[in-house]
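Residue-level listing of the chains:
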Amino acid sequence: MGASQSAGTEHEFQELADRTGFSLEQIGNLNKRFRQLSNNEETLSREDLASIPALDNNPIRAQIINAFFDKRNLHQNEAGTVQEIGFEEFLMVMSHFRPAAMGITEEERENLRREKLQFLFNMHDTDSDGTITLEEYRRVVEELLSKAGMIGQETAKAIADAAMLEVAGTTRGKMEPDEFYEGITFEHFLQILKTFDIETRMHVRFLNMDTATLRCGKSK
């Protein structure tokens, strides 16, 4: 019975490895962490993630937690959220934090970079309309700056407004004073972050896991 159950688990893990690029060892480690967070339940809730101490003082705590339940990040090709996720969905989200493997082609590297930036974009496009509006952008800047105790809320709002105007100038050219800027589309987002080193900026330290252990491809 035990051997049969183990074989079944290994088969399931192999299918997940083929879909996500993680090795069997990496999936085993992630499964242990999933079980710890879910108290050995089959699904993980927002409350489970909210209980992680390392997230307490993170200024974008809410966005990080929501990302795990956003259908866009679960390869469901639709907007909206789910209440709980299983281990497979947990892996789908975690795969966005996976560093690029050595020896991949430039096309594969660019596709991976695009997927990571799409994940980052989704975190800030809170209403799932395909655009990061001034209000959404302002909220992020205020959370990053004012909650960290660096500056006041009004100053953070002014910085967000100025930054959005700069973004508008970058993506649309010179704007008239009375012209309304709808917001940042994903293509604009790619343009703005074309020199951004996404590989070293996206990590999972809040899960108490070493990002290097999540490098895609089989372990040597």
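It should be emphasised that the depicted structure is a prediction, and the values quoted were computed from it without experimental measurement.

## Side note on the overall build of the chain
- Within the chain one finds 10 helices and four strands.
- Each helix and strand of the chain, ordered N terminal to C terminal, gives the series α-α-β-α-α-β-α-α-β-α-α-β-α-α.
- For the chain, buried positions account for 42% of its 220 residues.
- Taking the contacts inside the chain whose residues are at least 6 apart along the sequence as the reference set, 55% of them involve residues at least 24 apart.
- Per element, the accessible surface of the chain, about 12,800 Å² overall, is 50% carbon and sulfur.

## Remarks on the nonpolar core
- Formed by 39 residues in total, the largest nonpolar core has its most connected members in Phe68, Phe87, Phe90 and Phe189.
- Secondary structure elements with two or more residues in this core: α1 (2–20), α2 (24–38), α4 (61–67), α5 (87–94), α6 (106–124) and α9 (186–192).

## So, the pattern of salt bridges
- Under the definition given, this model contains six salt bridges.
- The salt bridge partner of Arg35 is Glu42, with a shortest N-O separation of 3.3 Å.
- Owing to a relative accessible area of 25%, Arg35 belongs among the partly exposed residues under this scheme.
- Using a relative accessible area of 57% as the deciding quantity, one classes Glu42 as exposed.
- We note a salt bridge from Arg114 to Glu187, for which the minimum N-O separation is 2.8 Å. Placement of Arg114 in helix α6 and of Glu187 in helix α9 is noted, with a sequence separation of 73 residues between them.
- Owing to a relative accessible area of 48%, Glu187 belongs among the partly exposed residues under this scheme.

## Considerations on unusual backbone geometry
- Phi is positive for Asn39, close to 55 degrees, though the residue is something other than glycine.
- Relative to the assigned elements, Asn39 resides in the loop between α2 and β1 (44–45).
- With a phi angle near 60 degrees, Ser128 is a residue other than glycine that sits in the positive phi range.
- Among the secondary structure elements, Ser128 is positioned in the loop between α6 and β3 (131–132).

## Side note on the confidence of the model for the chain
- Confidence in the prediction for the chain averages 77 pLDDT; 73% of positions are at 70 or higher.
- Across residues 1–7, where pLDDT falls below 50, the model places zero contacts with residues more than four positions away in sequence or in other chains.
- The low-confidence segment residues 210–220, where pLDDT is below 50, has 34 contacts with residues more than four positions distant or belonging to other chains.

## Here we look at α2
- With 15 residues, α2 should cover 21 Å at 1.5 Å per step; its first-to-last C-alpha distance of 21 Å lies within 8% of that length.
- Within the sequence span of α2, burial applies to Gln26, Ile27, Gly28, Leu30, Asn31, Arg33, Phe34, Leu37 and Ser38.
- Once α2 finishes, Asn39 follows within two positions and takes phi at roughly 55 degrees, a positive value.

## Quick notes on the environment of Asp197
- Note that Asp197 resides in the loop between α9 and α10 (198–201).
- Separated by 84 residues in sequence, Asp197 and Arg113 have C-alpha atoms that sit 9.3 Å apart.

## Some words on the packing of aromatic side chains
- A full pass over the atoms with the stated rule returns eight aromatic pairs.
- Ring centres of Phe34 and Phe87 lie 5.6 Å apart, and the angle between their planes is 65 degrees; this geometry places the pair in the edge-to-face category. With Phe34 in helix α2 and Phe87 in helix α5, the pair connects residues that are 53 residues apart, well separated along the chain.
- A ring pair is formed by Phe97 and Phe119, whose centres lie 5.5 Å apart and whose planes are at 75 degrees; its orientation type is edge-to-face. Remark: Phe119 occurs in helix α6 and Phe97 occurs in the loop between α5 and α6; sequence separation between them is 22 residues. Note on accessibility: Phe97 and Phe119 belong to one class, buried.
- Taken together, the ring pairs connect Phe13, Phe34, Phe68, Phe87 and Phe90 into an aromatic cluster.

## Brief notes about the side chain of Ser38
- Topologically, Ser38 is positioned in helix α2.
- Judged by its relative accessible area of 2%, Ser38 falls in the buried class.
- Among all residues touching Ser38, those that are not within four sequence positions of it are Thr43, Leu44 and Asp48.

Reading the values: rules and limits
Within each chain, residues carry numbers counting from 1 in the order of the written sequence. Local features in this predicted model are restricted to residues of pLDDT 70 or higher, and side-chain atom pairs are both shown and tallied only at a pLDDT of 80 or more, whereas totals for entire chains, interfaces and linings draw on every residue. Hydrogens and water molecules were not included; the side-chain quantities draw on all heavy atoms of the structure. Going along the chain from the N terminus, every DSSP run of H or I of four or more residues is numbered as a helix, and every run of E of two or more is numbered as a strand. Per-residue accessibility, obtained with a 1.4 Å probe over protein chains only, is compared with the maximum for each type, and a residue is labelled buried under 20%, exposed over 50%, and partly exposed between these values. Contacts are residue-level and defined by heavy atoms, with any inter-residue pair within 4.5 Å sufficient. Surface accessibility in these figures is a Shrake-Rupley result with a 1.4 Å probe; residues are shielded only by whichever protein chains are displayed. Only buried residues count toward a nonpolar core. Its members are Ala, Val, Leu, Ile, Met, Phe, Trp, Tyr and Cys residues joined through side-chain atoms within 4.5 Å. Definition used for salt bridges: Asp or Glu carboxyl oxygen within 4 Å of a side-chain nitrogen of Lys or Arg. Each residue carries a pLDDT score, the predictor's confidence in it, ranging from 0 to 100. A helix is expected to span 1.5 Å multiplied by its residue count minus one. Aromatic rings from Phe, Tyr and Trp, with only the six-membered ring used for Trp, were paired whenever their centres fell within 6.5 Å, and each pair was classed as stacked if the ring planes differed by under 30 degrees, edge-to-face if by over 60, and tilted otherwise.

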